[in-house]
Amino acid sequence: MGTEPLLADLAWLQLHDSAFPSGRFVHSNGLEAWLALHPSAGEPEIRDAVRAYVRGSVATLDAVVLGHAWLADSTETLVRLDHLDRVHKITRAARTSSESCGRQLATVARRVLSVVAGSDYLGLVVAGHTPGNQAVVDGVVQRALGVERDRAIAGAIRSSYAGLLSAAVRLGRTGPMRAQQLLFDDTPWIADLARTAECAPLESVTSFVPELEIAAMRHETTAARLFST
């Protein structure tokens, strides 16, 4: 499949489609609680918060780990990457979001994407023998589908940004057309983050978004909520 770019592109689009049941769009990663704490926040503040999460966590941790998972040549390496990713997620909400989406993606991929059905690593994820962070699972699945490494990294960053903007729309704090405009206008920014993540060594991984992380911890104790995290 990797020898046919068009097929790989179509598979890439399928993975990032909101209809693909991987759970990518059921988490707000603290944004729901942050919006509740900032009822007067307008579009500029919301955009800054969303960009801070993508820039300070996704692009510097998950996207880097995904890139190295794409390159990994053994199940043991993938398991080590999985635990490395988990160590850098300091809140339970962050771990829950990453691991639940990763396990769901692994489960769905093994059932509907024949090229990954025999993956030992995905089998360990589904069996619960390794955390199954979304970044690592994504790297494994997208490489098997023939998706180029740079596109896989860019897709993860873009989907995270799109998911948070979608959360703001569903929470009634911005409009759907405006969210799409922001997503389009920030395409060069996303591309820059992706290019940096593509070259980043594992030793550089970090995640630091304190305001949203604190909000995510508050979210855990909220009785009425729309998103899982």
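Calculation criteria
Residues numbered from 1 in each chain as written. Predicted model: local features only at pLDDT ≥ 70, side-chain atom pairs only at ≥ 80, totals over all residues. Heavy atoms only, no water. Axes fitted to C-alpha atoms, helices over the stretch in contact; angles between N-to-C directions. Helix = DSSP H or I, 4+ residues; strand = E, 2+ residues; numbered from the N terminus. Parallel < 35°, antiparallel > 145°, perpendicular 65-115°, else oblique. Left-handed = near helix turned anticlockwise from the far one by under 90°. Contact = heavy atoms within 4.5 Å. Nonpolar A, V, L, I, M, F, W, Y, C, P; charged D, E, K, R; others polar. Salt bridge = Lys/Arg side-chain N within 4 Å of Asp/Glu carboxyl O. Buried < 20%, exposed > 50% of the residue type's maximum accessible area, 1.4 Å probe, protein only. Phe/Tyr/Trp six-rings, centres within 6.5 Å; stacked < 30°, edge-to-face > 60°. Lys NZ or Arg CZ within 6 Å of the ring centre and 35° of its normal. pLDDT = per-residue confidence, 0-100. Patch = residues over 30% accessible without salt bridge, like charges linked within 9 Å, V, L, I, M, F, W, Y side chains within 5 Å. Areas by Shrake-Rupley, 256 points an atom, 1.4 Å probe, with all protein chains shown as cover. Core = buried A, V, L, I, M, F, W, Y, C linked by side-chain atoms within 4.5 Å. Arc of directions from axis to C-beta. Polar contact = N/O pair within 3.5 Å; in protein donor to acceptor, adjacent residues only side chain to side chain.

Provide a residue-level description of the packing of helix α8 (residues 149–170) against helix α10 (residues 187–199), including the pertinent values.
Relative to each other, α8 and α10 sit at 130°, their axes nearing to 9 Å. As judged from the angle between their axes, α8 and α10 are oblique. The two elements α8 and α10 meet at a crossing, and its hand is right-handed. Residues R149, D150, I153, A154, I157, R158 and Y161 of α8 form the contact with α10, whose own contacting residues are W189, I190, L193, A194, A197 and E198.

Explain the packing of helix α3 (residues 43–71) against α10 residue by residue, including any values.
When two helices pack together, their arrangement is given by the angle between the helix axes and the distance between those axes. Viewed as axis vectors pointing N to C, α3 and α10 meet at an angle of 30°, and their least axial separation amounts to 9 Å. When the interaxial angle is binned, α3 and α10 end up roughly parallel. Regarding α3 and α10, the two cross each other, and that crossing is right-handed. Taking contact as the criterion, the partners of R51, V54, R55, A59, A63 and V64 in α3 are, on α10, W189, L193 and A197. Of the residues in the contact of α3 with α10, the class split is 7 nonpolar, no polar and 2 charged.

Talk me through the side chain of S98; I want residue IDs and the actual numbers.
When you line up the elements, S98 lands in helix α5 (residues 92–112). Excluding residues that lie within four positions of it along the chain, S98 makes contacts with D85, K89, G132, N133 and Q134.

I'd love a proper account of the pattern of salt bridges, names of residues and values included.
It is possible for side chains of opposite charge to pair when their charged atoms get near one another. Applying the stated criterion across every chain, the model contains 7 salt bridges. Measuring nitrogen to oxygen at the nearest pair gives 2.9 Å for the salt bridge that ties K89 to D62. Of this pair, K89 sits in the loop between α4 (75–87) and α5 while D62 is found in helix α3, placing the two residues 27 residues apart along the sequence. Taking the relative accessible area as the measure of exposure, D62 reaches 15% and is therefore buried.

Explain the packing of aromatic side chains to me, using residue names and the numbers behind them.
Each aromatic ring pair is specified by the distance between its two centres and by the angle formed by the two planes. By the definition in use, this model includes 1 aromatic pair. With a centroid separation of 5.5 Å and 70° between ring planes, the pair formed by Y161 and W189 is classed as edge-to-face. Pair noted here: Y161 is in helix α8 and W189 is in helix α10, with a separation of 28 residues, a long-range link. Residue Y161 is classed as buried on the basis of its relative accessible area of 0%. The side chain of R51 reaches across the aromatic face of W189, ending 4.0 Å from its centre. It is R151 that lies over the ring of W12; its NZ or CZ is 5.2 Å from the centre.

Explain the confidence of the model for the protein chain to me, and be specific about the residues and the numbers.
Averaged over all residues, the pLDDT of the protein chain is 91; the fraction at 70 or higher stands at 94%. Helix α11 (residues 210–219) is the least confidently modelled element of the protein chain, averaging 80 in pLDDT, while α10 averages 98, the highest of any element.

Pulling in residues and values, what's your account of a nonpolar patch on the surface?
Together, L6, L7, L10 and L13 make up a nonpolar patch on the protein surface, roughly 390 Å² of accessible area in all. Of note, L13 is situated in helix α1 (residues 5–15).

Hey, could you go over the nonpolar core for me, with residue numbers and the actual values?
One finds W34, V54, I157 and Y161 to be the most contacted residues of the largest nonpolar core, which totals 65 residues. Ignoring any residue separated from it by four or fewer positions in sequence, one finds W34 in contact with A41, E45, I46, A49, E211, L212 and A215.

So, helix α6 (residues 120–127): which residues are in play, and what are the values?
Buried within α6 are the following residues: Y121, L122 and V125. End-on, the buried residues of α6 take up no more than an arc of 95°, which puts them together on one face. As for α6, its buried residues are in contact with α4, α5 and α7 (134–144). Phi turns positive one or two residues past the end of α6, at G128, with a value near 80°.

Tell me what's going on with the side chain of T91, and back it up with residues and numbers.
Within the secondary structure layout, T91 lies in the loop between α4 and α5. By relative accessible area, T91 is classed as buried at 4%. Not counting residues within four places of it along the chain, the set of residues in contact with T91 comprises E213 and M217.

Which residues make up the environment of T60, and what values do they have?
Secondary-structure assignment places T60 in helix α3. Given the relative accessible area of 24%, T60 is considered partly exposed. In the structure, T60 is positioned 77 residues away from V137 in sequence and 17 Å away in space, judged by C-alpha atoms. If we ignore the near neighbours within four places in the chain, the residues touching T60 are R55, S204, V205, T206 and S207. For T60, the side chain forms a polar contact with the main-chain oxygen of G56, separated by 3.1 Å. Side-chain polar atoms of T60 contact the backbone oxygen of T206, separated by 2.7 Å.

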